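Listed below are the residues making up each chain.
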Amino acid sequence: SGGCCTAMVPAIIRWWVPYGIAGIVDMTNPSASTWFKERLRKMQKDYRIDSFKFDAGEVNYLPSNFLLSRPLDNNNEYTTLYADFATEFGPMVEVRAAYRNQEIPVFVRMMDKDSHWGYNKGLKTLIPTALTFSILGYAFILPDMIGGNGYDGIYPDRELFIRWLEVTAFLPCMQFSIVPWQYDQEVVDLTQRYIELHQNTVTPLLLRYADEAVATGDPIIRPLWWIAPRDETSLTIDSEFLIGDEMLVAPILDEGATARDVYLPPGFKWRDEKTNQVHDGGQTLKDYQIPLTEIAYFTRQNTV
């Protein structure tokens, strides 16, 4: 509850749309969380809902003078309880806030990305954010919607949507809000192709390294320096990533580009999955050609 002075009123806040309102559920109160769970279960049954997307959960949504059923030593514990609550709703649960919840089996979503190319919440932040989540111990990364959020009527252009699609196909989950048929048949066909690549090539790797993540805490999506910790160049790369220790992904992240430099970490040979050519690690493939419909990815072969 929250209120003014000594009054006790429900914790009502502004939410989402300019004049939207919402109530905060006291997750420290077993009766309140049970009430909320029962309502969600009923809705799940009545409307055959597979699972839920749990937005919010951040403590900044709590009123400034909130009062919970059980006092918290650290207000962030509210987020922990909220994320723990979400785990009860099936294998496809999504949360966007977590605090010391690394052990829960849910997707943790990145905060909203804007529909542009740059480092200001655009496409170029997708890989750094994924790597940050990984190092913090959140292995099951949900990169939010392909193409960005499209807020304020600013939707991704065709090229941006395609490049975003290509990166996301190599991350743990693909999520659509902006749909491919808003563009043309070629984009629809390309989307189907990358969904199949995700399902048939990427997912078996993800599942294998998911087992490892559960057993050891090692991330699924890894920075290059994970396998080359003393290599200074690997320490600086924020436009490539690894799936486990064996697949390296190097997408195009710049508007209008159809080529990029690709760095291969030392200590291994790397097979180009587009050409089957094998390259020595510890080198940069200069001006590597990547047409709009393609993405560069390599598999580790053996120790050099």
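Our structure's up above, just so we're on the same page.
Remember, it's a predicted structure, so these values are computed and weren't measured experimentally.

**Considering the pattern of salt bridges**
Part 1: Applying the stated criterion to the full structure yields 21 salt bridges.
Part 2: A salt bridge links Lys124 to Asp254; the nearest nitrogen and oxygen atoms lie 2.7 Å apart. Pair noted here: Lys124 is in the loop between strand S5 (107-109) and helix H3 (126-136) and Asp254 is in the loop between strand S9 (247-250) and strand S10 (259-264), with a separation of 130 residues, a long-range link.
Part 3: Exposure remark for Asp254: the relative accessible area of 39% places this residue in the partly exposed category.
Part 4: One continuous salt-bridge network, built from bridges that share partners, spans Asp55, Glu58, Glu94, Arg96, Arg109, Asp112 and Asp144.

**Some details on the side chain of Glu58**
Part 1: Mapped onto the elements, Glu58 comes out in the loop between strand S3 (53-54) and helix H2 (77-86).
Part 2: Of note is the side chain of Glu58, whose polar atom sits 2.8 Å from the side chain of Arg96.

**Observations regarding a nonpolar patch on the surface**
Part 1: On the surface, Trp16, Val17 and Tyr151 cluster together to form a nonpolar patch covering roughly 330 Å² of accessible area.
Part 2: Looking at where Trp16 falls in the secondary structure, it is placed in the loop between strand S1 (12-14) and strand S2 (21-23).
Part 3: With a relative accessible area of 58%, Trp16 lands in the exposed category.

**A look at the packing of aromatic side chains**
Part 1: Under the criterion given, the structure shown has 15 aromatic pairs.
Part 2: For the pair Phe52 and Phe89, a centre-to-centre distance of 5.7 Å together with 80° between the ring planes defines the contact as edge-to-face. Of the two residues, Phe52 sits in the loop between helix H1 (30-47) and S3 while Phe89 sits in the loop between H2 and strand S4 (94-95), which places them 37 residues apart along the sequence.
Part 3: The class for Phe89 is buried, based on a relative accessible area of 0%.
Part 4: Ring centres of Phe54 and Phe85 lie 6.2 Å apart, and the angle between their planes is 85°; on these two criteria the pair is classed as edge-to-face. Note that Phe54 is positioned in strand S3 and Phe85 in helix H2, a separation of 31 residues in sequence. For the pair Phe54 and Phe85, a shared accessibility class is recorded, and that class is buried.
Part 5: One aromatic cluster is present, built from ring pairs that chain together Trp35, Phe36, Phe52, Phe54, Tyr78, Tyr82, Phe85 and Phe89.

**Notes on the environment of Tyr155**
Part 1: Along the chain, the position of Tyr155 falls in the loop between strand S6 (141-142) and helix H4 (158-168).
Part 2: Tyr155 gets classed as exposed once you look at its relative accessible area, which sits at 51%.
Part 3: It is 31 Å that separates the C-alpha atoms of Tyr155 and Ile135, two residues lying 20 residues apart in sequence.
Part 4: Dropping the residues within four chain positions of it, Tyr155 is found in contact with Ser115, Gly150 and Ile178.

**Let's talk about the environment of Leu197**
Part 1: Along the chain, Leu197 falls in helix H5 (residues 185-216).
Part 2: Taking relative accessible area as the criterion, Leu197 reaches 15% and is therefore assigned buried.
Part 3: Sequence separation of Leu197 and Ala86 is 111 residues, and the distance between their C-alpha atoms is 30 Å.
Part 4: When near neighbours in sequence (up to four residues on either side) are disregarded, Leu197 contacts Phe170, Val202 and Tyr297.

**Some words on the sheet that holds S5**
Part 1: Strands sit in the order S3-S4-S5-S6 across an open sheet of four strands; the sheet is parallel. Looking along the sheet, the strands with just one partner apiece sit at the ends: S3 and S6.
Part 2: Of the pairings in the sheet, the one linking S5 to S6 comprises two bridges and is parallel in character. Along S6, the bridge assignment pairs Val108 with Ile141.

Parameters at a glance
- Residues numbered from 1 in each chain as written.
- Predicted model: local features only at pLDDT ≥ 70, side-chain atom pairs only at ≥ 80, totals over all residues.
- Heavy atoms only, no water.
- Salt bridge = Lys/Arg side-chain N within 4 Å of Asp/Glu carboxyl O.
- Helix = DSSP H or I, 4+ residues; strand = E, 2+ residues; numbered from the N terminus.
- Buried < 20%, exposed > 50% of the residue type's maximum accessible area, 1.4 Å probe, protein only.
- Polar contact = N/O pair within 3.5 Å; in protein donor to acceptor, adjacent residues only side chain to side chain.
- Patch = residues over 30% accessible without salt bridge, like charges linked within 9 Å, V, L, I, M, F, W, Y side chains within 5 Å.
- Areas by Shrake-Rupley, 256 points an atom, 1.4 Å probe, with all protein chains shown as cover.
- Phe/Tyr/Trp six-rings, centres within 6.5 Å; stacked < 30°, edge-to-face > 60°.
- Contact = heavy atoms within 4.5 Å.
- Pairing = 2+ DSSP bridges.

Everything listed is a geometric property; what it means functionally is a separate question.
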